[in-house]
Amino acid sequence: MELISPQRRTNNFWAFEFAPLASGVTERPAAEPPYRTIGSKLCVLGRKSFDGLLGHSHSGTRYRLQEASGEGRGGEYDHWRQHLGEDVFSDNGVSRPTNSLNPMKTIMAFERRWAAREVMGTQESQRETDSRRAGRIAGHESHPFECRARGDSGDEKLCGCLVRSLRSPASLPSNAAPPPRPGRRRPQRPQRRRREVRGAVRGKADSCWRLPASRRSIKMPAVSKGDGMRGLAVFISDIRNCKSKEAEIKRINKELANIRSKFKGDKALDGYSKKKYVCKLLFIFLLGHDIDFGHMEAVNLLSSNKYTEKQIGYLFISVLVNSNSELIRLINNAIKNDLASRNPTFMCLALHCIANVGSREMAEAFAGEIPRILVAGDTMDSVKQSAALCLLRLYKTSPDLVLMGEWTSRVVHLLNDQHMGVVTAAISLITCLSQKNPDEFKTCVSLAVSRLSRIVSSASTDLQDYTYYFVPAPWLSCKLLRLLQCYPPPEDGAVKGRLVECLETILNKAQEPPKSKKVQHSNAKNAILFEAISLIIHYDSEPNLLVRACNQLGQFLQHRETNLRYLALESMCTLASSEFSHEAVKTHIETVINALKTERDVSVRQRAADLLYAMCDRSNAKQIVAEMLSYLETADYSIREEMVLKVAILAEKYAVDYSWYVDTILNLIRIAGDYVSEEVWYRVIQIVINRDDVQGYAAKTVFEALQAPACHENMVKVGGYILGEFGNLIAGDPRSSPLVQFNLLHSKFHLCSVPTRALLLSAYIKFINLFPETKATIQEVLRCDSQIRNSDVELQQRAVEYLKLSSIASTDVLATVLEEMPPFPERESSILAKLKKKKGPGAVSVSDLDEGKRDGGGELNGAGERGPESSVVATSNTSTPSPSADLLGLRSAPPVGSAAQGAGSLLVDVFSEAGPLAPASGVNDDGFLSSEDSAPPLPESDELLNKFVCKNNGVLFENQLLQIGIKSEYRQNLGRMYLFYGNKTSVQFVNFTSTLNVQTKPVDPLVEGGAQLQQVLNIECLSDFSDAPLLNIRFRYGGALQNLTLKLPLTINKFFQPTEMGSQDFFQRWKQLSLPQQEAQKIFKANHSMDKEVLKAKLLGLGMALLENVDPNPENFVCAGVVQTKAQQVGCLLRLEPNIQAQMYRLTLRSSKDTVSKRLCDLLAEQF
Amino acid sequence: MIGGLFIYNHKGEVLISRVYRDDIGRNAVDAFRVNVIHARQQVRSPVTNIARTSFFHVKRSNIWLAAVTKQNVNAAMVFEFLYKMCDVMTAYFGKISEENIKNNFVLIYELLDEILDFGYPQNSETGALKTFITQQGIKSQTKEEQSQITSQVTGQIGWRREGIKYRRNELFLDVLESVNLLMSPQGQVLSAHVSGRVVMKSYLSGMPECKFGMNDKIVIDKQGKGGTADDAGKSGKQSIAIDDCTFHQCVRLSKFDSERSISFIPPDGEYELMRYRTTKDIILPFRVIPLVREVGRTKLEVKVVIKSNFKPSLLAQKIEVRIPTPLNTSGVQVICMKGKAKYKASENAIVWKIKRMAGMKESQISAEIELLPTNDKKKWARPPISMNFEVPFAPSGLKVRYLKVFEPKLNYSDHDVIKWVRYIGRSGIYETRC
């Protein structure tokens, strides 16, 4: 249990905690030795538990009356349910109804939230957790009302356990070898005592304390005399009887004053009253009031030797601890004593307290101690369990403090422990640890496999206590399977064989007839099955298993249980992306389509739609798109937009015949126009314009579609655009003569919004060009007041300009201006990006799919996106032995000159990296490992590079997700570059890496939404170079892996050192460098303004010294500088002769090294 | 306009539910219960917005009255209506309690039908309502009576019916004021105002025309200009400045605007003639002088002196001083000269009660408070000392100058009417910081 925060404590989540407990446990024989209960129940002691302490039901008058009021489950319960719903699902980011359809998700969310609760490490608690999960799996049992409505079983259980927890340790059987007792253990209690208490209570309070007949049978707590805390009972009954909030507050104030006067310190209190008052304080705290005293008394209780007192003390501390330094010291001391006490109950209490508090201080104090307890040979099993889960909690809160180091192997070997409880507890810990550092825990794979196979192959009777409804140790199996999912398939053949065998057995068992009709049985079985299937999917290497899993899921697709159908659809979505099972998944298409149509639950339908999308390929695209289109008419509003996007993408991706594509999209707009985003219709237009063969058909179809009396605005947009461009293709037909077309469009004009009208105006002017005969009509339209005097500036301007243009310009000019649109450059469909964005985090299926299934060839957007298949890999594989030359030659043409291949040509060295770790060979490996699967550099990266020739700071790259800024400074042959990665979205990027094709220090793998990450590169120029280093950035945004390669704006001129010299000097040197290869000259047309000041600024930015009054012609510029590299210095002279009349330049560069002059010349030619 | 009206008991069960407009669904009932009555944090705002629906509520003892609307209504109107509704219910069956409401719900529905029409407030004058909504059930009325009711309800004077006859013509006039104060420990007035009401009970025959006069500064000044200079010559405080006032619907506002005279045809029975507020020259009946000393971390000494500040001949009643104690109080010893004092743990305060106290007297209490050391570093916030009392004069200084009755048709004149005037000043929020 986490530390209860004040917000949560009034949440009544206690009730929730107990709900599944009640539902799951009732029929199961409790065979635990009593003392194990003690520790675990502590954690869940809440408001409700106080009733338990007293042996009463939770429903006081106030609530009961409500039930009776005819409002039924309204009021309080609704309220609870609401909060519970939030509590459970908010973590997950999915808001789903409480009667969740996705038990596994719920379990996961639940587990995350209450991970700390796993600390209840005793066997009992494990079973409790199990039963709770069972309740969750059962889905419909998940809210508290059910539990309460179910009557007394929960209360009964509760009473029982609290009774046990209240028993003093003296009355417990010795813990040496507790014999498991079959059958339900009912705490015994003297009859006389019970009557006495109830009588007293009845006298004091009113009828709410009279239990319903069914509850009278509950055995009252078997407490020794004086442990009943009647004061507490009376107090609670008073509170329950308060008619109003004010009355309650008054009563509490009174009680607080009373406790204060008792704690005043004049007289020493005995342990019993201390415990009682601390209990009262706790109760008051749980009612939502602040408690600022009593801590000291609670700490005193810790050192008591009585179990109940110690327990209450720990309870108070775990609930109410704050970081008061002096108290923490005392608490830590007490905990230390208990840990060292060798008394298992006390040790458990202490461990639970550590876990419940879980603060950093605790971690600091005990992180070293707990692993020792965990692996020590003489520790009791129950303590081991607690220790494992306690360690897990500490590891989760402060991973830096929990260092496993030497314990690693011994912890892993806990998997071999004889006690199943210990294994279950340890596996949670191991899973968590191995997620962080998989390598250290690699050995656990084989152990886990053997453990799993032992469980799977065991008969249901072998594991006695751990068989849950005839399923052997379901929770342990699930955890083992999940642990295995952290690792790739085992390499060892034997282990793998064994694992495959296990998985097969699990699949086989799913086929067997159920051993029980109870829902718990099938739930447990299916939980294992689904976990196994996700492991199979994770491995993705066993075609046989994948197909079997797929078939198994196929059976579930038609299962009666909605939850199963949901899960089956979801798992199948991931299966569809595997090459082995894709075909197998496809066989279920009919069922899935049927599910889409008939499923009653929207979330299931959503999954069905996802799966259809995932299983779509060329062979079934037409069918699937048609089905989705027809479903769209009745689809839920919440998923319509997504459906539209999916249809659009599928139609585009698998279009063989473009008339089909046009038909589909127009249909789409007709059916769900409101949900068609801009991107969708942009894309239609892009495609129509780029494909000559569909233009005529598109024009015809659009024309027909527009004839519908009411058509969607998006349709008008598409229609306007296409008719404006290609209206001539159908003008031959008298039914669609130009005037008819125009009139048709114009009839929609007044119904449209401003942007559409603007588009239509552009279409009209295009009409004038296409069909001169419509000119008069259109000019008339443009001239009318509603256009030319439109209050909207955009429309007015267009009307005025188009009118003028049409009346002034000659036909030729008009034809040029209004020429047909050129084809769009091929690029990734913007719709895909939109879908990815829409799905957000957690929606892995779609994006993964896109990665996995882009089979290229024939796809509309495949070619443009992929580019040449990683040329990087090719070069790197054929590289010469010299590592640094590889770096240089990565993506360049053959290496420049033999000199460049020398040992130290170019190396962008990174000082910040640990020095000795970067010998040449290391660079080689690292550099290429990371570049192997990196994307080719963006096409515009050269352009980007050129932007930075003359400047050092600016934005290197920007798209919707990421912005990369650069700041750099250079001195001589050294430089330092700061890269800023800005996350423009509100979602975090995970697994963020940025690698240079040399090596860099890794960057923080997480970039929070809206945050910026900085990377510093220290650069040394070893020799001259011509190609910029490549920067590869990869990260996961939402589910999708983003891969980006850019050229680092690092050019040779950055290492210039300006040299000032006189006219004579200059020309002397100029003459010296007269060898033909030392000179590079270029004559080129000016790309930018030829303003003198601008040129000056650019040349200064280049890094050379601009020499004034050197050249006889004042229009010319001359510069001089030295390129500083580690190997050598290269003197460099430049002369730029602009010719303003011809808008030309002549650029001459002379340097002592031919490659340098050539490279500089190329670079500079782009600049002017 | 009001879309619906619900009455809940303290548990949130709906006792009365009346929906006037279609835009209010049944779920509104639950929404208010869940979000206000059962809210985890106490809801202090009387207006709550839930899903674009506004709930206006007032609470009478344990009963919640909530008006619901989806429109942008005048909130003051809605509250005025709710208070009127409470008054009407009180007039019909006394105290508003769960039991009374349950016993009278036919009547309440009848009333709700009458005083709200499609969410628009109608006549809510008890006197008028009582002519046609009776608790005894419907007695068959003659045609004349029926038409009389119609004309009465729809006519010009909706608040009074024709043909009332009394043997003794009597008039009771109460000036009820509550005085609010916040004073600094040094005795500086930080804020003070008096809100007052003039409540009348009239038992007059026929259709009398009344005229009410008080020492309103504007009126006095106007008259002063007229020539009677001796008014100003008399003792300092003769006239009061009224900041704002509201009247019962029977008062002729046009006449008040032009002449500032209050003339009206009174309803029969009890009603509130006007409400007003003053902030200047308030007579503060009591002065509280606190003295709080913290002795170490575990002890607090408190001494409070109260001084009465009015004519020695008058007697203040029901005096109660409430001295807050810190939240970590573990024990209290109190000594007081007069009255009774007690530490009430449930309210975290020492409550000192005095039955009666004459003017120009003073009294004192001293207390020793023991504190429990806490690990909370927060200092005690020292809430103000508050006080309750009742005095037989108007702290605003308001005086009734005249109340004239004219009944031209019947043969009784102004001096045949027996008139009673009473002044009661009560404490509102009367606090002194310590």
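What you see is a predicted model; the values in this text were computed from it and never measured. (Residues numbered from 1 in each chain as written. Chains lettered and ligands numbered in written order. Predicted model: local features only at pLDDT ≥ 70, side-chain atom pairs only at ≥ 80, totals over all residues. Heavy atoms only, no water.)

All names here are of chain B. Overall, antiparallel pairing links the four strands, which are arranged β14-β15-β20-β17 in an open sheet. In this open sheet, the two edge strands, each paired with only one partner strand, are β14 (286–295) and β17 (329–336). The mean angle between the axes of side-by-side strands here comes to 15°, regardless of whether they run parallel or antiparallel. As judged from the nine bridges shared by strand β15 (residues 299–308) and strand β20 (residues 362–371), these two strands associate in the antiparallel manner. Bridge pairing in β20 places E301 opposite E368. (Pairing = 2+ DSSP bridges. Helix = DSSP H or I, 4+ residues; strand = E, 2+ residues; numbered from the N terminus. Axes fitted to C-alpha atoms, helices over the stretch in contact; angles between N-to-C directions.)

Throughout this description, disulfide means a covalent bond between two cysteine sulfur atoms. Residue and element names in this part refer to chain A. This model, assessed by the stated rule, comprises zero disulfides over all chains. Left unpaired, C1161 is separated from the closest cysteine sulfur, that of C1132, by 9.9 Å. Assessed through its relative accessible area of 3%, C1161 is described here as buried. (Disulfide = S-S within 2.5 Å. Buried < 20%, exposed > 50% of the residue type's maximum accessible area, 1.4 Å probe, protein only.)

A separate point is unusual backbone geometry. All names here are of chain B. Its identity as a non-glycine residue notwithstanding, S61 has a phi of 45°, on the positive side. Tracing the sequence through the fold places S61 in the loop between β4 (53–60) and β5 (63–69). For F118, which is not glycine, the phi torsion reads 50° and is therefore positive. Its location among the elements puts F118 in the loop between β6 (116–117) and β7 (120–121).

So, on to the pattern of salt bridges. Residues and elements named next belong to chain A. This model, assessed by the stated rule, comprises 42 salt bridges over all chains. Across the pair D1162 and K1082 runs a salt bridge, and its minimum N-O distance is 3.1 Å. Remark: K1082 occurs in strand β11 (residues 1079–1085) and D1162 occurs in helix α55 (residues 1154–1165); sequence separation between them is 80 residues. With relative accessibility at 34%, the residue D1162 sits in the partly exposed group. Among the residues examined, K1082 registers a relative accessible area of 30% and is labelled partly exposed. One network of salt bridges, with partners in common, ties together D238, R251, E255 and K280. (Salt bridge = Lys/Arg side-chain N within 4 Å of Asp/Glu carboxyl O.)

Two aromatic rings, taken as a pair, are described by how far apart their centres are and by the angle between their planes. Under the definition given, this model contains 29 aromatic pairs over all chains. A ring pair is formed by Y970(A) and F1055(A), whose centres lie 5.5 Å apart and whose planes are at 80°; its orientation type is edge-to-face. One end of the pair, Y970(A), is in strand β4 (residues 962–971); the other, F1055(A), is in the loop between β9 (1040–1047) and β10 (1056–1058), and 85 residues separate them in sequence. For the pair Y970(A) and F1055(A), a shared accessibility class is recorded, and that class is buried. Connected via pairs of aromatic rings, a cluster forms that spans F742(A), F749(A), Y764(A), F767(A) and F771(A). Positioned over the ring face of Y20(B) is R18(B), at 4.6 Å from the centre of the ring. Over the aromatic face of F172(B) sits the side chain of K201(B), whose NZ or CZ is 6.0 Å from the ring centroid. (Phe/Tyr/Trp six-rings, centres within 6.5 Å; stacked < 30°, edge-to-face > 60°. Lys NZ or Arg CZ within 6 Å of the ring centre and 35° of its normal.)

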